[in-house]
Amino acid sequence: MIWEGIYVRLEDCLAVVTGGASGLGEAAVRNIVLKGGKAAIFDQSEEKGRQLAEELGESVLFIRADVTKEEDIRAAVNQAADVMGGINTLVNCAGIGAAEKVIGRNGAHHLANFARVIQVNLIGTFNVIRLAAEKMIGNEPNEHEERGVMINTASVAAFEGQIGQAAYSASKGGIVGMTLPIARELARYGIRVMTIAPGLFHTPLFDTLPEEARDSLGKTVPFPPRLGYPSEYGRLVQSIIENPMLNGETIRLDGAIRMQPK
Ligand SMILES: NC(=O)c1ccc[n+]([C@@H]2O[C@H](COP(=O)([O-])OP(=O)(O)OC[C@H]3O[C@@H](n4cnc5c(N)ncnc54)[C@H](O)[C@@H]3O)[C@@H](O)[C@H]2O)c1
């Protein structure tokens, strides 16, 4: 048996994590730093981002940046690479939710609302991918010819969106769709591209719900019958970073849930 061992260790991670100030992105940042890596948080939420960076110490850098803005992300990528000594990992977590029917009580879906969700979730993800890729292709490859890895965050709504999720599902379906062509293109540079499609995770998104409502939502998950812990998302990010055969694919992380129409 050939045992190659782990190619990339978390302690070698120089990661950009968008949306890293909260929820799933925060969990990815915490795990990378816990294992000895460095992380740059790109987030709009200045207060939470600064707090987290202060708590985690010098391995974490917070940069206030909007993923939809070209100039923000170009500057943030340069700053992160300068401070950390490079970028070899990207975790795209910045995203917004939305619920609006095509025909609601007050008429047709607002086009601007649809466009906003696509702008942040899909175009924002692509914006960071392209600018991080431009930086990563200049990396010295490691001994296995790897220059980096990119991990995006879709949702199970990419596959079974509920009523009212037209915009959200379209944005997440777009992320799933672009994973393979980008992985194919960046393969020649030794950069892998993966996507995680989470089910229901207990992030600040769900804190607004009463505990009872959270529990009953959790029970809709076949096993384990609860909301996912953000740390479980962080562990899948770690597995993807460490396993070089994972490329060009979307992994559902959902306890076997299949969302119903409503
Ligand atoms: N929590 C879940 O159950 C769940 C399920 C499926 C998919 N997701 C996806 O996972 C990702 C993270 O979700 P979460 O639950 O951790 O949410 P969250 O709200 O806790 O975190 C999202 C972060 O993204 C940041 N952000 C939003 N718009 C931004 C922008 N334009 N530029 C920079 N930063 C921006 C926010 O400030 C926030 O810190 C999202 O893409 C979400 O769609 C979450």
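## Section: the overall build of the chain
- Looking only at helices and strands, the chain features eight helices and nine strands.
- Taking 262 residues into account, the globule formula puts the C-alpha radius of gyration at 18 Å, and the chain, at 18 Å, falls close to it.
- When its C-alpha atoms are laid out on the principal axes, the chain stretches across 55 × 45 × 40 Å.
- For the chain, buried positions account for 48% of its 262 residues.
- When the accessible area of the chain is evaluated, it comes to approximately 13300 Å², of which 53% is carbon and sulfur surface.
- Side-chain charges in the chain split into 26 positive and 31 negative, and the spacing between the mean points of these groups amounts to 6 Å.

## Considerations on the site of the ligand
- As a structural note, the neighbourhood of the ligand is formed by 28 residues, with Ser22, Asp43, Tyr168, Phe201 and Thr203 the closest of them.
- One of the backbone N or O atoms of Cys93 is found 3.2 Å from an oxygen atom in the ligand.
- A distance of 3.4 Å is found between an oxygen atom of the ligand and a backbone nitrogen or oxygen belonging to Gly199.
- Considering the ligand on its own, with 830 Å² of exposed area, one finds that the protein chains cover 90% of that surface.
- Taken together, the residues of the shell around the ligand sort by class into 15 nonpolar, 10 polar and three charged.

## Description of the packing of aromatic side chains
- One pass over the full model with this rule turns up zero aromatic pairs.
- Its end group placed over the ring of Tyr229, Arg226 keeps NZ or CZ at 4.0 Å from the ring centre.

## A look at the nonpolar core
- Counting 36 residues, the largest nonpolar core has Phe42, Ile73, Ala80, Ile87, Leu90 and Met150 as the members making the most contacts within it.
- Of all the elements in the fold, those that place two or more residues in this core are strand 1 (14-18), strand 2 (38-43), strand 3 (60-64), helix 3 (70-84), helix 4 (111-136), helix 5 (166-186) and strand 8 (191-198).
- Not counting chain neighbours up to four residues away, the residues in contact with Ile73 comprise Phe42, Ala65, Asp66, Val67, Asn127, Val128 and Leu131.
- Ala28, Ile32, Val33 and Cys93 belong to the second-largest nonpolar core, a separate cluster that totals 28 residues.

## With respect to the side chain of Asp43
- Mapped onto the secondary structure, Asp43 falls in strand 2.
- Of the buried charged residues, Asp43 lacks a salt bridge, with Lys48 as the closest side chain of opposite charge at 7.6 Å.
- In this structure, Asp43 is in contact with Gly19, Gly20, Ala21, Ser22, Phe62, Ile63, Arg64 and Ala65, ignoring residues within four places of it in sequence.

## Some points on the pairing of strand 1
- Summarising burial for strand 1: five of the five residues are buried, a large majority.
- Side-chain alternation along strand 1 places Leu14, Val16 and Thr18 on one buried face and Ala15 and Val17 on a second face that is also buried.
- Where strand 1 lies against strand 2, five bridges are found, and the strand directions are parallel. Bridge pairing in strand 2 links Val16 to Ala40.
- For the segment spanning strand 1, helix 1 (residues 23-34) and strand 2, crossover handedness is right-handed.
- The pairing of strand 1 with strand 4 (residues 89-92) spans four bridges and is classified as parallel. Pairing of Thr18 across the sheet is with Asn92, part of strand 4.

## Things to note about the sheet that holds strand 9 (residues 250-253)
- With parallel pairing, the seven strands of this open sheet are ordered in space as 3-2-1-4-7-8-9. A single partner strand is all that each edge strand has here, and the edge strands are strand 3 and strand 9. Ignoring which end each strand starts from, the neighbouring axes of this sheet average 20° apart.
- Strands strand 1, strand 2, strand 3, strand 4, strand 7 (148-153) and strand 8 of the sheet are contacted by helix 1, whose axis makes an angle of about 165° with strand 2.
- Packed onto the sheet, helix 5 meets strand 7, strand 8 and strand 9 and runs at close to 160° relative to strand 8.

## A look at the pattern of salt bridges
- Enumeration over the complete set of coordinates arrives at 12 salt bridges.
- Between Glu26 and Arg30 there is a salt bridge whose closest N-O contact spans 2.9 Å. In this pair, Glu26 and Arg30 both sit in helix 1, four residues apart, roughly one turn of the helix.
- In this structure Arg30 comes out as partly exposed when scored by relative accessible area, which is 31%.
- Put simply, Asp254 and Arg252 hold a salt bridge, and the shortest N to O gap is 2.7 Å.
- Its relative accessible area of 12% is what places Asp254 among the buried residues.
- On the basis of relative accessibility, which here comes to 25%, the residue Arg252 falls in the partly exposed class.
- The structure contains a network of salt bridges with shared partners spanning Glu160, Arg252, Asp254 and Arg258.

What counts and what doesn't
- Residues numbered from 1 in each chain as written.
- Predicted model: local features only at pLDDT ≥ 70, side-chain atom pairs only at ≥ 80, totals over all residues.
- Heavy atoms only, no water.
- Helix = DSSP H or I, 4+ residues; strand = E, 2+ residues; numbered from the N terminus.
- Rg over C-alpha atoms; globule rule 2.2 N^0.38 Å.
- Buried < 20%, exposed > 50% of the residue type's maximum accessible area, 1.4 Å probe, protein only.
- Areas by Shrake-Rupley, 256 points an atom, 1.4 Å probe, with all protein chains shown as cover.
- Lys, Arg positive; Asp, Glu negative; His and termini not counted.
- Charge placed at Lys NZ, Arg CZ, Asp CG, Glu CD.
- Near = heavy atom within 4 Å.
- Polar contact = N/O pair within 3.5 Å; in protein donor to acceptor, adjacent residues only side chain to side chain.
- Nonpolar A, V, L, I, M, F, W, Y, C, P; charged D, E, K, R; others polar.
- Phe/Tyr/Trp six-rings, centres within 6.5 Å; stacked < 30°, edge-to-face > 60°.
- Lys NZ or Arg CZ within 6 Å of the ring centre and 35° of its normal.
- Core = buried A, V, L, I, M, F, W, Y, C linked by side-chain atoms within 4.5 Å.
- Contact = heavy atoms within 4.5 Å.
- Salt bridge = Lys/Arg side-chain N within 4 Å of Asp/Glu carboxyl O.
- Pairing = 2+ DSSP bridges.
- Right-handed = clockwise from strand over helix to strand, strands pointing away.
- Axes fitted to C-alpha atoms, helices over the stretch in contact; angles between N-to-C directions.

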